[in-house]
Amino acid sequence: MAVQPNQTKRLNNPEPWQDPKVKPYVSIKNLTKTFGERTAVNDVSLSIYKGELFSLLGHSGCGKTTLLRMLAGFESPTSGKIFIDGVDMTHTPAYKRPVSMVFQSYALFPHMTVEQNIAFGLIQEGMNKNEIRDRVDAYLKLVQMSGYEHRRPHQLSGGERQRVALARSLVKQPKLVLLDEPLAALDKKLRERTQLELVNIQEKVGVTFIMVSHDQEEAMTMSTRIGIMNTGRILQIGSPTEIYEYPNSRYVADFIGSVNLFDGLIVEEKSDHVIVKSTMLEKNLYVSHSASMPVGAQISVAVRPEKIMLTTEEPKGDYNWTGGIVQDIAYLGDVSIYYVKVNSGAVILVTTANFVRAAERSIQWDDKVFLYWKPESGIVLSM
Ligand code: ATP
């Protein structure tokens, strides 16, 4: 299913990264970590602002956990620097950093009650009993777990355990919370609900979250900004909308949601448009933005499946359409994905919203159809 950014709530938030006067809360400068021959994190520089929920997203092995562990102080960098709230923390031991970590496995103490789990860090700090009780009560309320204080972890559901783990990490009022795939152990429904709860809690306490995920829907739903990683490097940083609508590379376009990539050559380049000839299509592609690349440059044009219209009538005009045969239809309930084979043999994906019931829909397998899209629906990406 096409992933769509869900930014309804965040759109009203200020965007501190756009304001040069605002200082970043976490500054990562040229951070590298090598394990023997392997470079897990490669010269990463990144600024994260107070109150952000920043996600590091990428395929398994791209280096996101190593980056998070360096922020926590569990791993020391090979080179580069980490500043938190303006203080150089590169060589500060984990226990002295104003940072708390939430693990995928929750890491609750099984023999302790919910209350004891949450209070543990405060007792170690030597806080007095009354203060601890008040603080634990407040954080139980925050994560909606009041009344569960005397249960042990095995008497809780996965979602409840996750909320206790979150309360335990927030109760010490850290400046920065690091979350390593915090929802990965939950089933899909619970995960979706908990994503929103987590965002609400984070907004309430106003603490900065940095989260590692390989689940793009999760990162799109929750984050103020996302950093897409591949082979130890950050390829693009942006809001969910920017990453989805304006990917800066084939890798990012392909990684986030579904995309059709038409490889071709620029045949015309102007300040407000580009015309591209692709062997995958009979008609040329017209893209309504400049590409800052010369005529003859080899590029790809990315078009999202939901931006392509499907019809049985031949479109007019010289650009951005093709005929084809419906090869397959994947019915996903709310949407259907049509796999349309065009003359070149390429298969183009088209997503349509299912407004009417399946039996009433007119376009079926093996039908001859036409596809078209607007000039602003394409994005030119360098190869
Ligand atoms: P995943 O989503 O699977 O957790 P990741 O993006 O978090 O992956 P990392 O765990 O950061 O990836 O690992 C990045 C690379 O560094 C991998 O190739 C991994 O094998 C390697 N690596 C990580 N930790 C160590 C270590 N302690 N010793 C040697 N190699 C390591």
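Residues numbered from 1 in each chain as written. Predicted model: local features only at pLDDT ≥ 70, side-chain atom pairs only at ≥ 80, totals over all residues. Heavy atoms only, no water.

Caption draft 1: Representation of the overall build of the chain in the model. Helix and strand counts for the chain come out as 8 helices and 20 strands. With the principal axes as the frame, the chain shows a C-alpha extent of 75 × 50 × 40 Å. Buried positions account for 49% of the 383 residues belonging to the chain. Excluding contacts between residues fewer than 6 apart, the proportion of contacts in the chain whose partners are at least 24 apart in sequence is 66%. Carbon and sulfur atoms provide 50% of the accessible area of the chain, an area that totals close to 18700 Å². For the chain, the centre of its 43 positive side-chain charges and the centre of its 42 negative side-chain charges are spaced 7 Å apart. (Helix = DSSP H or I, 4+ residues; strand = E, 2+ residues; numbered from the N terminus. Buried < 20%, exposed > 50% of the residue type's maximum accessible area, 1.4 Å probe, protein only. Contact = heavy atoms within 4.5 Å. Areas by Shrake-Rupley, 256 points an atom, 1.4 Å probe, with all protein chains shown as cover. Lys, Arg positive; Asp, Glu negative; His and termini not counted. Charge placed at Lys NZ, Arg CZ, Asp CG, Glu CD.)

Caption draft 2: Structural context of the pattern of salt bridges. Summed over the entire model, instances satisfying the criterion amount to 11 salt bridges. As a salt-bridge pair, E75 and R69 come within 3.2 Å of each other at their nearest N and O atoms. Between E218 and R191 there is a salt bridge whose closest N-O contact spans 3.8 Å. Residue E218 is found in helix α6 (residues 216-222), and its partner R191 is found in helix α5 (residues 188-205); the two are separated by 27 residues along the sequence. By the burial criterion, E218 is buried, and R191 matches it. (Salt bridge = Lys/Arg side-chain N within 4 Å of Asp/Glu carboxyl O.)

Caption draft 3: Structural view of the sheet that holds strand β2 (residues 38-48). Spatial strand order, β2-β1-β4-β5: 4 strands in an open sheet with antiparallel pairing. Both edges of this open sheet fall to β2 and β5 (87-88), since each of them pairs with a single strand only. Across 7 bridges, the pairing between strand β1 (residues 26-35) and β2 is antiparallel. The residue of β2 that forms the bridge with L31 is V44. (Pairing = 2+ DSSP bridges.)

Caption draft 4: Representation of the sheet that holds strand β10 (residues 233-238) within the structure. Pairing in this open sheet of 6 strands is mixed, and the strands run β6-β7-β8-β3-β9-β10 from one edge to the other. Each having just a single partner strand, β6 (99-102) and β10 make up the two edges of the open sheet. In this sheet, adjacent strand axes meet at a mean angle of 20° when their direction is disregarded. (Axes fitted to C-alpha atoms, helices over the stretch in contact; angles between N-to-C directions.)

Caption draft 5: Region of interest: unusual backbone geometry. Phi at E181 is positive, roughly 45°, even though this residue is not glycine. Relative to the assigned elements, E181 resides in the loop between β7 (176-180) and α5. At T231, a residue that is not glycine, the phi angle is positive and equals roughly 40°. Assignment of secondary structure puts T231 in the loop between β9 (225-230) and β10.

Caption draft 6: Region of the structure containing the packing of helix α4 (residues 158-170) against α5. In the contact formed by α4 and α5, the axes pass within 11 Å of each other and the chain directions differ by 20°. Classified by the angle their axes make, α4 and α5 are roughly parallel. As α4 packs across α5, the resulting crossing turns out to be right-handed. Between α4 and α5, the residues in contact are G159, Q162, R163, L166 and L170 and L190, T194, E197, L198, I201 and V205, respectively. Classifying every residue of the contact of α4 with α5 by side-chain character gives 6 nonpolar, 3 polar and 2 charged. (Parallel < 35°, antiparallel > 145°, perpendicular 65-115°, else oblique. Left-handed = near helix turned anticlockwise from the far one by under 90°. Nonpolar A, V, L, I, M, F, W, Y, C, P; charged D, E, K, R; others polar.)

Caption draft 7: Seen up close, the packing of aromatic side chains. Applying the stated rule across the entire model yields 6 aromatic pairs. Centre to centre, the rings of F74 and F103 are 6.5 Å apart; their planes meet at 20°, and the pair counts as stacked. Taken together, the positions of F74 in the loop between α1 (64-72) and β4 (79-84) and F103 in the loop between β6 and α2 (114-125) put the pair 29 residues apart, joining distant regions of the chain. The class of F103 is partly exposed, set by a relative accessible area of 29%. Ring plane angle 5° and centroid distance 5.6 Å describe the contact between F262 and W373, whose orientation is recorded as stacked. With F262 in strand β11 (residues 260-269) and W373 in the loop between β19 (368-372) and β20 (378-382), this pair connects stretches of sequence that are 111 residues apart. You can call F262 buried: its relative accessible area is 1%. The lysine or arginine in question, R168, covers the ring of F109, its NZ or CZ lying 5.4 Å from the ring centre. (Phe/Tyr/Trp six-rings, centres within 6.5 Å; stacked < 30°, edge-to-face > 60°. Lys NZ or Arg CZ within 6 Å of the ring centre and 35° of its normal.)

Caption draft 8: View of helix α3 (residues 129-142). The end-to-end C-alpha separation of α3 is 20 Å, in line with the 20 Å expected for 14 residues at 1.5 Å each. In this fold, the buried residues of α3 make contact with α2, α4 and α5. The N-cap of α3, judged by a side-chain oxygen 3.1 Å from the amide nitrogen of N130 a few residues on, is N128. Looking one or two residues beyond α3, the residue adopting positive phi is Q144, at roughly 55°. (Expected span 1.5 Å × (residues − 1). Polar contact = N/O pair within 3.5 Å; in protein donor to acceptor, adjacent residues only side chain to side chain.)

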